[in-house]
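What the coordinates show
The lines below spell out each chain.
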Amino acid sequence: MTVREILKMGDPRLLRVAEPVREFGTAELDALIADMFDTMHAANGAGLAAPQIGVNLQLVIYGFKDNQRYPEAPPVPETVLINPVLTPLSEEMDEQFEGCLSVPGLRGVVARYTQLHYEGVDQHGEPIVRDAEGFHARVVQHEVDHLLGILYPMRITDFSRFGYTSVMFPELDPDDDE
Ligand code: NI
């Protein structure tokens, strides 16, 4: 088990556009994905993108049955998504608080497409084709933003709804946001 360091906002490696994954089924890719799951689970995260551990590849993971950081969220299937392409299914957007393991201790309201079609491949190069909505769609948009060098505070339009988790959501375990 290898928990990797999660880069924090301000690190220029979080601002790069990630490169496509070109080789599948390799020991390196398997080891990277295993480390990402270890790292995400250790931090109670809902998702993690490879650039957050300093690996500049188009690779994200996400999913949980229930999540301490987002106790109201419905389950999201555990997924390895590589070289993703997102297509909103409508113009409708939904505003909700979100956080990020690279922006510890803070939450902010971000508008995301409510209904999303997404495609990519898994760690074996097998296609993933899904429609998602609500929190699932939000998580995918948040994680894929990391592959474009975008952190959620860069999407905030109303900074009156951006602040410390411990102040706005004191019921949440503060350890989950450090
Ligand atoms: Ni994030």
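None of these values were measured; they are calculated from a predicted model. Per chain, the residues get numbers from 1 upward, laid out in the order the sequence is written. Local features in this predicted model are restricted to residues whose pLDDT is 70 or higher, and side-chain atom pairs enter the listing and the counts only when it is 80 or higher, whereas totals over whole chains, interfaces and linings include all residues. To get the side-chain values, all heavy atoms of the structure are used, and hydrogens and water are removed first.

**Some remarks on the sheet that holds strand S5 (residues 106-113)**
Applicable threshold: In this description, strands pair whenever DSSP reports at least two bridges between them. The helix count covers DSSP runs of H or I at least four residues long, the strand count covers runs of E at least two residues long, and both are numbered beginning at the N terminus. Orientation is described by lines fitted to C-alpha atoms, with helices fitted over the stretch in contact, and by angles between N-to-C directions that extend from 0 to 180 degrees.
On the basis of which strands lie adjacent, the open sheet formed by three strands has the order S4-S5-S8 and antiparallel pairing. Looking at the sheet topology across the chains shown, the edges are occupied by strand S4 (93-98) and strand S8 (162-164). For this sheet, the mean inter-axis angle between neighbouring strands, taken without regard to orientation, is 25 degrees. Looking at chain direction, S5 and S8 are connected through three bridges and run antiparallel. Along S8, the bridge assignment pairs Arg-107 with Gly-163.

**Quick notes on the pairing of strand S2 (residues 59-64)**
Within a regular strand, side chains alternate between the sheet's two faces. Spelled out, the test is: With a 1.4 Å probe rolled over the protein chains alone, any residue whose accessible area is under 20% of its type maximum counts as buried; one over 50% counts as exposed, and the rest are partly exposed.
In terms of residue burial, S2 counts as a mostly covered element, since six of its six residues are buried. Residues Leu-59, Ile-61 and Gly-63 line one face of S2 and the alternating positions Val-60, Tyr-62 and Phe-64 line the opposite face, and both faces are buried. Note: strand S1 (residues 47-49) against S2, three bridges, orientation antiparallel. The partner of Ala-49 across the bridge, within S2, is Val-60.

**Focus on the pattern of salt bridges**
To keep it simple, the criterion reads: Salt bridges are defined by distance alone: a side-chain nitrogen of Lys or Arg within 4 Å of a carboxyl oxygen of Asp or Glu.
Using the criterion set out here, one finds nine salt bridges in the structure. Residue Arg-112 is joined to Glu-98 by a salt bridge in which the shortest nitrogen-to-oxygen separation is 2.7 Å. Linking Arg-112 in strand S5 with Glu-98 in strand S4, this pair joins segments that are 14 residues apart in sequence. Take Arg-112: its relative accessible area is 3%, and that puts it in the buried class. Given the relative accessible area of 3%, Glu-98 is considered buried. Put simply, Arg-161 and Asp-158 hold a salt bridge, and the shortest N to O gap is 3.1 Å. Judged by its relative accessible area of 30%, Arg-161 falls in the partly exposed class. Here the residues in one salt-bridge network are Asp-94, Glu-98, Arg-112, Arg-138, Asp-145 and Arg-155, joined through shared partners.

**Describing the coordination of the nickel ion**
Heads up, the rule is: With water excluded from the atoms, a metal site may look incomplete; its donors are any N, O or S atoms within 2.8 Å, or within 3.2 Å for Na, K and Ca.
Taken together, Cys-100 (SG), His-142 (NE2) and His-146 (NE2) make up the protein donors of the nickel ion, found 2.1 to 2.3 Å from the metal. In the primary structure, the donors to the nickel ion are separated according to the pattern C-x41-H-x3-H. Of this pair, His-142 and His-146 both sit in helix H2 (residues 134-147), separated by four residues, roughly a single helical turn. Accessibility expressed as a relative area gives 7% for His-142, which makes it buried.

**Remarks on the sheet that holds S2**
Read across the open sheet, the five strands follow the order S1-S2-S3-S6-S7; overall the sheet is antiparallel. Whereas interior strands pair on both sides, the edge strands pair on one side only; in this sheet they are S1 and strand S7 (127-133). If you compare each strand with its neighbour and ignore which way they point, the axes differ by 35 degrees on average.

**Here we look at empty space enclosed by the protein**
To be explicit about the condition: Method remark: on a 1 Å grid restricted to protein atoms, a set of points is classed as a cavity if a 1.4 Å probe fits but cannot get out and as a pocket if it is open with protein on both sides within 12 Å along at least five of seven lines; lining residues have an atom within 4 Å of a point. Grid points are joined across faces, edges and corners, and a volume is the space filled by probe spheres set on the points. Residue polarity is assigned by list, with Asp, Glu, Lys and Arg as charged and Ala, Val, Leu, Ile, Met, Phe, Trp, Tyr, Cys and Pro as nonpolar; anything else, Gly included, falls into the polar class.
Enumeration over the complete set of coordinates arrives at two cavities of 30 Å³ or more. The volume enclosed by the largest cavity comes to roughly 160 Å³. In the lining of the largest cavity, the residues fall into six nonpolar, six polar and four charged. By volume, the second largest cavity is sized at about 30 Å³. Taken together, Asp-94, Arg-112, Tyr-113, Thr-114, Gly-134 and Arg-138 form the lining of the second largest cavity. For the lining of the second largest cavity, the secondary-structure elements that each account for two or more residues are S5 and H2. Considering only residue class, the lining of the second largest cavity consists of one nonpolar, two polar and three charged.

**Digging into the side chain of Thr-114**
Relative to the assigned elements, Thr-114 resides in the loop between S5 and strand S6 (115-121). Take Thr-114: its relative accessible area is 15%, and that puts it in the buried class.

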